[in-house]
Amino acid sequence: MKRFVTIGSVFLGNTISALGIGGFLIPAGMMMGGATGIGLAVNHYTGLPVSAALAVLNVVLFVVGAAVLGKAFALMTIISTFYSPFILEMVQQLIPEPLTQDIMLATIIGGLLVGLGMGMVLRVGASTGGMDIPPLLLKKKAGIPVGVSMYAFDFAILAVQATFAGLERMLYSVILIIIYTVVIDKIMTLGTSQIQAKIISERYEEINRAIQQRLDRGTTLIAMKGGYLGRESYEIMIVLGTRELPRLSELVTEYDPKAFMVVNKVSEVRGRGFTLGKRFLDKGITD
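These lines cover the structure that appears in this document, whether it is placed above or below. (Residues numbered from 1 in each chain as written. Predicted model: local features only at pLDDT ≥ 70, side-chain atom pairs only at ≥ 80, totals over all residues. Heavy atoms only, no water.)

## Comments concerning the overall build of the protein
Right, so step 1: Along the protein, the regular secondary structure elements total 9 helices and 6 strands.
Right, so step 2: Within the protein, the proportion of its 287 residues that are buried is 39%.
Right, so step 3: Residue pairs at least 24 apart in sequence account for 73% of intrachain contacts in the protein once pairs closer than 6 positions are excluded.
Right, so step 4: Only carbon and sulfur atoms are counted for the fraction: they give 64% of the accessible area of the protein, which is about 16,400 Å². (Helix = DSSP H or I, 4+ residues; strand = E, 2+ residues; numbered from the N terminus. Buried < 20%, exposed > 50% of the residue type's maximum accessible area, 1.4 Å probe, protein only. Contact = heavy atoms within 4.5 Å. Areas by Shrake-Rupley, 256 points an atom, 1.4 Å probe, with all protein chains shown as cover.)

## Details of the sheet that holds strand E3 (residues 232-240)
Strand pairing in a sheet relies on backbone hydrogen bonds. The paired strands run either parallel or antiparallel.
Right, so step 1: Read across the sheet, 4 strands follow the order E2-E3-E1-E4 without closing on themselves; strand pairing throughout is antiparallel. The open sheet is flanked by strand E2 (220-225) and strand E4 (260-266), the only strands paired with a single partner. Neighbour to neighbour, the strand axes of the sheet diverge by 25 degrees on average, direction disregarded.
Right, so step 2: Looking at chain direction, strand E1 (residues 194-200) and E4 are connected through 7 bridges and run antiparallel. (Pairing = 2+ DSSP bridges. Axes fitted to C-alpha atoms, helices over the stretch in contact; angles between N-to-C directions.)

## A few points about the packing of aromatic side chains
Right, so step 1: Tallied over the full model, the rule gives 3 aromatic pairs.
Right, so step 2: Here Tyr83 and Phe86 contribute two aromatic rings whose centre-to-centre distance is 6.2 Å and whose plane-to-plane angle is 45 degrees, an arrangement assigned as tilted. Placement of the pair is Tyr83 and Phe86 together in helix H4 (residues 71-94), with a separation of 3 residues, close to one helical turn.
Right, so step 3: In this structure Tyr83 comes out as buried when scored by relative accessible area, which is 17%.
Right, so step 4: Seen from their ring centres, Tyr204 and Tyr234 are 5.5 Å apart, and the 50 degrees between their planes marks the pair as tilted. Taken together, the positions of Tyr204 in helix H8 (residues 204-215) and Tyr234 in strand E3 put the pair 30 residues apart, joining distant regions of the chain.
Right, so step 5: When its relative accessible area of 16% is taken as the criterion, Tyr204 is described as buried.
Right, so step 6: Here a set of aromatic residues connected by ring pairs shows up, and it is made of Phe11, Tyr83 and Phe86. (Phe/Tyr/Trp six-rings, centres within 6.5 Å; stacked < 30°, edge-to-face > 60°.)

## A word on the packing of helix H1 (residues 2-25) against helix H5 (residues 103-123)
Between two packed helices, what matters for the description is the angle formed by their axes and the separation of those axes.
Right, so step 1: Two elements in contact, H1 and H5, have axes separated by 7 Å at closest approach and are oriented at 165 degrees. For the element pair H1 / H5, the angle class is roughly antiparallel. In the crossing of H1 with H5, the sense of the turn from one axis to the other is left-handed. Of H5, the residues touching H1 (which contributes Ser9, Val10, Leu12, Gly13, Asn14, Ile16, Ser17, Leu19, Gly20, Ile21, Phe24 and Leu25) are Ala106, Thr107, Ile109, Gly110, Gly111, Leu113, Val114, Leu116, Gly117, Met118, Met120 and Val121.
Right, so step 2: A per-class count over the contact of H1 with H5 returns 15 nonpolar, 9 polar and no charged. (Parallel < 35°, antiparallel > 145°, perpendicular 65-115°, else oblique. Left-handed = near helix turned anticlockwise from the far one by under 90°. Nonpolar A, V, L, I, M, F, W, Y, C, P; charged D, E, K, R; others polar.)

## A closer look at the pairing of E2
Right, so step 1: When E2 meets E3, the two strands line up antiparallel, connected through 6 bridges. Looking at the pairing, Lys225 lines up with Glu232 of E3.
Right, so step 2: Here E2 folds back onto E3 in antiparallel fashion, the turn holding 6 residues, of which Gly230 has a positive phi close to 75 degrees.

## With respect to the pattern of salt bridges
Right, so step 1: Tallying each qualifying case throughout the model produces 4 salt bridges.
Right, so step 2: The shortest N-O distance in the salt bridge between Glu202 and Arg231 comes to 3.4 Å. Within this pair, whereas Glu202 is found in the loop between E1 and H8, its partner Arg231 is found in the loop between E2 and E3, the two being separated by 29 residues in sequence. Taken individually, Glu202 and Arg231 each receive the classification exposed, so the pair is uniform in this respect.
Right, so step 3: For the salt bridge of Arg214 with Glu254, the shortest nitrogen-to-oxygen distance reads 3.0 Å. Note that Arg214 is positioned in helix H8 and Glu254 in helix H9 (residues 245-255), a separation of 40 residues in sequence. (Salt bridge = Lys/Arg side-chain N within 4 Å of Asp/Glu carboxyl O.)

Written out as structure tokens, the structure is:
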């Protein structure tokens, strides 16, 4: 089932991304990084369709990447490598006219769709292929961080497009990159973000017991010493869902209205009670 979900997410993600590129960004003449950006430059100077240039580039990079990075990489990349140029060509044929004449609207909608599509692919551990591959090769062979080389490639690709797209399009492209980068980040952490709360109170034992019994959440007691009075005590640390925070606040206030509580947002939590089922040690069962 997990394999089917992964494959389905890769197909759907590439389809959504192609809709954003073919339906909004290409008709608006937007600049882009990555393999699509190279395809746009090739299209401008040679007239070759973006989908055709993308297909050639994807295949070449896939072959090189598979030879250097191995079979596991090839299996995770093969769908995007061959499906993305195909679905982009289909979108361009089905939508021959721009969906909007407003450049800003095209930038926003296109960025949202590209970010959503790429985020879906990356979330399941697959690769979008194309210009994802050279940074991985440089990381393996030269030890250059993936993020550094990826930004360098994108900057170079945008610089080439700037020679024919103009300053205004380049500024819109900056907005585009910001939009789909933020959306990818949100999709990658969707459903995994939680709240971490730290509670300092003289009645920590009662609060700790109440959290376990009434909220059904595990806690950690951390030894601490007050900076002003020098009293030794314990801090309660708990991780819980965002919707559970009001209940926690009510519970803490019920036992100690003067309790000190610090709340932070964490991007991902793994382990018992989150990615693993809860275990009731006192009953010896696992739900």
